[in-house]
Amino acid sequence: MSAPFPTLIPEPGLSAAGDSLVEWQRGITEFAFLRLNRNLQCCQDLMGARTPADLHKVQQDWALQFSSDYRDEIRRQIELLASAPATSDEVQETAALVA
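Reading the values: the criteria
Residues numbered from 1 in each chain as written. Predicted model: local features only at pLDDT ≥ 70, side-chain atom pairs only at ≥ 80, totals over all residues. Heavy atoms only, no water. Helix = DSSP H or I, 4+ residues; strand = E, 2+ residues; numbered from the N terminus. Buried < 20%, exposed > 50% of the residue type's maximum accessible area, 1.4 Å probe, protein only. Contact = heavy atoms within 4.5 Å. Areas by Shrake-Rupley, 256 points an atom, 1.4 Å probe, with all protein chains shown as cover. Phe/Tyr/Trp six-rings, centres within 6.5 Å; stacked < 30°, edge-to-face > 60°. Salt bridge = Lys/Arg side-chain N within 4 Å of Asp/Glu carboxyl O.

Novice: Residue-level account of the overall build of the protein chain, with values.
Specialist: Of the regular secondary structure elements, the protein chain holds three helices and zero strands. Listing every helix and strand of the protein chain by position from the N terminus yields α-α-α. The buried share among the 99 residues of the protein chain stands at 16%. Put simply, 64% of the contacts in the protein chain that link residues at least 6 apart link residues at least 24 apart. Carbon and sulfur atoms provide 64% of the accessible area of the protein chain, an area that totals close to 7,900 Å².

Novice: Talk me through the packing of aromatic side chains; I want residue IDs and the actual numbers.
Specialist: Tallied over the full model, the rule gives three aromatic pairs. Ring centres of Phe 66 and Tyr 70 lie 4.6 Å apart, and the angle between their planes is 45 degrees; on these two criteria the pair is classed as tilted. Within this pair, Phe 66 and its partner Tyr 70 are both found in helix α2 (residues 52-83), separated by four residues, close to a single helical turn. Look at Phe 66 and you get partly exposed, because its relative accessible area is 33%. Overall, the relative accessible area of 35% leaves Tyr 70 in the partly exposed class. An aromatic cluster is built from Phe 31, Trp 62, Phe 66 and Tyr 70, whose rings are joined through pairwise contacts.

Novice: A description of the pattern of salt bridges should follow, citing residues and the corresponding values.
Specialist: As enumerated under the stated definition, the model contains eight salt bridges in all. Among the salt bridges present, the one from Asp 69 reaches Arg 38, with a minimum N-O distance of 2.5 Å. A residue pair is termed long-range when its members are at least 10 positions apart, and Asp 69 in helix α2 and Arg 38 in helix α1 (residues 12-48) qualify at 31 residues. Classification of Asp 69 by relative accessible area gives buried; the value is 7%. The exposure class assigned to Arg 38 is partly exposed, which follows from its relative accessible area of 30%. In this structure, Glu 73 and Arg 76 form a salt bridge, with 3.2 Å as the shortest nitrogen-oxygen distance. Residue Glu 73 and its partner Arg 76 are both found in helix α2; the two are separated by three residues, about one turn of the helix. Arg 76 gets classed as partly exposed once you look at its relative accessible area, which sits at 23%. Via salt bridges that share partners, Glu 23, Arg 26, Glu 30, Glu 73 and Arg 76 belong to a single interconnected network.

Below is the structure:
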């Protein structure tokens, strides 16, 4: 007698795709927490500023860190996309151009 439900054996590509999805979700979550913490720190620094020059310095530092964080995250996402299984040659070529 056969089992009522067939045993699902994941295809190698499906397992790798699942791993890529988990990595993507983990990275997005880590990035969100990183930016939230940096924004919170900026708010605390703004409250501690004593002069207009201090305010300007806090804003400038925040903007530089913001752009650097997003640049690094975009690069990481592109690398993840390029290394993901089952992506088309066109996707991989485009990711290679951007990276």
